[in-house]
Amino acid sequence: MLQTGVLLSITHASAMYASAMYVVPMWALHLQCCLSHLPLSITMSIGACDLAGTTFTDNMAASSGGHVYVNGSAIMHADGVTFQSSKAQAGGSLYALGNATMVLNHTTIMGGQSTGYAGGCVYATGRSKIRLYNSAVSGCQSSMGGGGIVVFERVQLVLRNSTIFNNVAGVSAGSDLGICGGGAVAAFENTTISMFACKLQNNSACRGGAVYLVDQAQAEFLPPVGNWPGEHCSCKDRRYAL
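The sections below set out a description of the structure shown in this document. All of these numbers come straight from a predicted model, not from anything done at the bench.

**Details of the overall build of the protein chain**
In terms of regular secondary structure, the protein chain is built from zero helices and 26 strands. Counting the 242 residues in the protein chain, one finds 55% classified as buried. Across the protein chain, contacts joining residues at least 24 apart in sequence account for 76% of those joining residues at least 6 apart. Roughly 9700 Å² of accessible area belongs to the protein chain as shown, and the carbon and sulfur atoms make up 52% of that amount.

Okay, here's the thing in structure tokens:
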């Protein structure tokens, strides 16, 4: 049923990949503050997805992307969206793969949990592009690296006016020390991170409580951020720490 002015809420769904939404090329979907009475689980094959005023709650994927899985050349835009309380082996909330693009504005991602690998809130790989503007990532946990966000394989991650706080990486007792770093953000394999006017607070990990860079990953912080209490940037290749 279509109802003007009613926010969409997607809750208590489960699947192998992306319990709430699975995004792949060739189709388009637009959800904007006007849908209700939908099934608890939504699985889609789409190439362009616009979300606004939408809430995802208590969803779980057995493999990747607790809330949303974006694949191929697919594009997802989210504005004023809340992703909360989700679980997956990798990418507790969001998972991007293979040239996918995610653009998040005024969006909150919280309470995501990566139960078997990395990326408590966001996992991106395969040259994906991830953009967070005026957004927040908080209260997420990862078994290994990237309590908040983890990126691999030449992913481009850009954050502007955003906050990443209260995230934990490496919560599993047997976590590999080589990949359990980055309480806020972990970057591997020639990825690039750009942060502009962002705040990272109260994140923790076995290495790089705030940011962990390895395998020629690079990071740019504007303006220069200095030290955060109890946190630092651990960088094997470029040998600097914040």
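**Notes on the state of the cysteines**
Covalent bonding between the sulfur atoms of two cysteines is what defines a disulfide. The full count for this structure, using the stated rule, is two disulfides. Between the sulfur of Cys121 and that of Cys140 lies a disulfide, 1.8 Å long from S to S. Of this pair, Cys121 sits in the loop between strand E12 (108–114) and strand E13 (122–125) while Cys140 sits in the loop between strand E15 (136–138) and strand E16 (141–142), and the two are 19 residues apart along the sequence. Since its relative accessible area comes to 0%, Cys121 is described here as buried.

**Here we look at the nonpolar core**
In this structure, Met76, Phe83, Ile149, Leu157, Leu159, Ile193 and Met195 are the most contacted members of the largest nonpolar core, which totals 42 residues. Those residues in contact with Phe83 that sit more than four places away from it in its chain are Leu51, Phe56, His67, Val68, Met76, Leu94, Thr107, Thr108, Ile109 and Met110. Counting 13 residues, the second-largest nonpolar core is a separate cluster that includes Tyr69, Ala118, Phe152 and Tyr212.

**Quick look at the pairing of strand E10 (residues 94–97)**
Across three bridges, the pairing between strand E7 (residues 68–70) and E10 is parallel. The partner of Tyr69 across the bridge, within E10, is Tyr95. One ladder, built from four bridges, connects E10 with E13; its direction is parallel. Following the sheet pairing, Leu94 is matched in E13 by Val122.

The rules behind each value
Residues numbered from 1 in each chain as written. Predicted model: local features only at pLDDT ≥ 70, side-chain atom pairs only at ≥ 80, totals over all residues. Heavy atoms only, no water. Helix = DSSP H or I, 4+ residues; strand = E, 2+ residues; numbered from the N terminus. Buried < 20%, exposed > 50% of the residue type's maximum accessible area, 1.4 Å probe, protein only. Contact = heavy atoms within 4.5 Å. Areas by Shrake-Rupley, 256 points an atom, 1.4 Å probe, with all protein chains shown as cover. Disulfide = S-S within 2.5 Å. Core = buried A, V, L, I, M, F, W, Y, C linked by side-chain atoms within 4.5 Å. Pairing = 2+ DSSP bridges.

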